[in-house]
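Structural overview
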Amino acid sequence: MASSLSSRRTLLAAAGSAAVLGATGLLAPARAQGIAPTRSMRGGSNNYRPGAPVVERIGGGGFWMSGTVRRAGDGAPLKGQRIQIWAHTTEGHERDPKSHGATLTDANGAFRLEMPQIVPAFGQAHGHLAFEGDGFETVFLRPVMNSPRDTSLTADFVLQPV
Amino acid sequence: MPSQRSILIWLGLGLVIGLPIFVAAQSPLLEWRAPIYIAAGFAGIISMALMLIQPLLAGGYLPGLPPRTGRRVHAVTGAALVCAVLLHVGGLWITSPPDVIDALAFRAPAAFSYLGVIAMWAVIGAACLAALRRKVSPKRWRLGHSICVTVAVLTGVGHAWLIDGTMGFMTKAVICALAVAATVKVLSDLRVWRLLPNARKHR
């Protein structure tokens, strides 16, 4: 009885993971050789401000938002891409214009922007990032911090060419 | 002259409700929030406190408020609970409209949003049934109200528990546990399960 239960569980687990892999495109032959694009996260675009300016630093700083931007398919790093970052911080609400700032990726496709400490808002300590630019589909991310005491957060983009 | 026991019960209830509010008032998060957001948060805590008081009133457990009087107060605190929930949602809406619209449309990124919206509708459902109770049969009204409040308390507690907000860990745990316990106790004392459609089979 126990073995039949466990084999049924194994079968269910295998079928479940196959379904997940299939749904995410990891089993699709056409994409097997490439890196899949990052999908926008739920709530990612909330309180987005189109065209927020590129800044040296958002407010007084003390917290680091970083990540990478690559191209879907071959995974090549993308230089000079504009990433907008915003969050509820010790210096302002998500909706405040001063809580928003943008930065550009370097030659390695990496970006890094200093901002005020993110604090829990609407139930979770989280940040928002947006890719805005020509040539690729727009992506909105909403990473959640493991602990509200963290002083950094990362988010990586894989962009789909249009 | 009230008995020592009734003084202790009222004092205990005052502490269980007062302490979470006091602890939340010390939260460092308040410093980084606008007044409307702070008010919305406290309206949520008060909603949880009222969800603890409601079953105590319905069951006539509070000294000086026997079932008949208790239920009259229960109707008033029920209306206050609906107001507190609407202030909570309204205040959050003003703070960040897209987040609340996502929650109400059941497309928010976090489970606590779904639980909170279900709790809100369950509270509104319980209140609507109470307002229309003379138009439905006593059996249906009692069963419907009981189901609504069960859903409201369970999802409301889940919502509060999962949120990283101003409430303190211990005081939140105590008020949530007592709200569930009081609801279970009154449903059991009023033998609500007898109202279920297939109850006769199990009798």
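Rules and cut-offs
- Each chain carries its own residue numbering, running from 1 in the direction its sequence is written.
- Starting at A for chains and at 1 for ligands, labels are handed out in the order in which the entities are written.
- Thresholds applied to this predicted model are a pLDDT of at least 70 for local features of residues and 80 or more for the giving and counting of side-chain atom pairs; totals over whole chains, interfaces and linings are not thresholded and use all residues.
- In computing side-chain properties, one takes all heavy atoms of the structure into account and sets aside hydrogens as well as water.
- Burial classes: relative accessible area under 20% of the type maximum marks a residue as buried, over 50% as exposed, and values in between as partly exposed (1.4 Å probe, protein chains only).
- Helix and strand definitions follow DSSP, with helices as H or I runs of at least four residues and strands as E runs of at least two, each counted in order from the N terminus.
- Strands pair, by our definition, only if DSSP identifies at least two bridges between them.
- Salt bridge, as used here, is a side-chain nitrogen of Lys or Arg placed within 4 Å of a carboxyl oxygen of Asp or Glu.
- Should any heavy atoms of two residues lie within 4.5 Å, those residues are considered in contact.
- UniProt positions are given in the numbering used here, feature names are shortened, and annotations may be inferred rather than shown by experiment.
- Reported buried area values correspond to the accessible surface (1.4 Å probe) lost by two parts on association, with both partners' losses combined.
- Polar contacts here mean pairs of N or O atoms no more than 3.5 Å apart (in protein, one a potential hydrogen donor and the other a potential acceptor; neighbouring residues in sequence count only if both atoms are side-chain atoms).

- Chain B has the name Ferric reductase in an unreviewed UniProt entry, where Meridianimarinicoccus aquatilis is given as its organism.

- For chain A, the name recorded in an unreviewed UniProt entry is Twin-arginine translocation pathway signal, with Meridianimarinicoccus aquatilis as its organism.

**Observations regarding the pairing of strand 3 (residues 100–104) of chain A**
Residues and elements named next belong to chain A.
- Counting buried positions over the five residues of strand 3 gives four, a clear majority of the element.
- Sheet topology note: the strand 2 (residues 82–87)/strand 3 ladder contains five bridges and is antiparallel. Each bridged residue has a counterpart across the sheet, and for Arg82 the counterpart in strand 3 is Leu104.

**Brief notes about the pattern of salt bridges**
All names here are of chain A.
- Under the criterion given, the structure shown has four salt bridges over all chains.
- Its salt-bridge partner being Arg82, residue Glu132 comes within 3.2 Å of it at the nearest N-O pair. Here Glu132, found in the loop between strand 5 (127–131) and strand 6 (139–141), pairs with Arg82, found in strand 2; they are 50 residues apart in sequence, far enough to count as distant.
- Owing to a relative accessible area of 13%, Glu132 belongs among the buried residues under this scheme.

**Quick look at the environment of Met48 of chain B**
Residue and element names in this part refer to chain B.
- Structurally, Met48 can be placed in helix 2 (residues 35–58).
- Since its relative accessible area comes to 4%, Met48 is described here as buried.
- Separated by 128 residues in sequence, Met48 and Cys176 have C-alpha atoms that sit 7.5 Å apart.
- For Met48, the contacting residues outside a window of four places in its chain are Gly156, Val157, Ala160, Ile175, Cys176 and Ala179.

**Observations concerning the UniProt feature "transmembrane region" (unreviewed entry) in chain B**
Residue and element names in this part refer to chain B.
- Per the UniProt entry, the sites bearing "transmembrane region" (unreviewed entry) are residues 34–53, 73–94, 114–132, 144–163 and 169–187 in this numbering.
- With 95% helix and 0% strand, residues 34–53 has its two end C-alpha atoms placed 29 Å apart.
- With 95% helix and 0% strand, the stretch residues 144–163 has end C-alpha atoms that lie 28 Å from each other.

**Here we look at the interface of chain B and chain A**
- Listed as interface residues are 24 residues of chain B and, on the opposing side, 18 residues of chain A.
- For the pair chain B and chain A, the summed buried area comes to about 1700 Å², and 55% of that belongs to carbon and sulfur atoms.
- If you look at where chain B meets chain A, you find zero salt bridges.
- The tally of links from chain B across to chain A stands at 10 residue pairs in polar contact (both at pLDDT 80 or more).
- Of all the elements in the fold, those that place two or more residues in the side of chain B that touches chain A are helix 3 (67–95), helix 4 (97–104) and helix 5 (111–131) of chain B.
- When residues in the side of chain B that touches chain A are grouped by element, the largest group, five residues, is from helix 4 of chain B.

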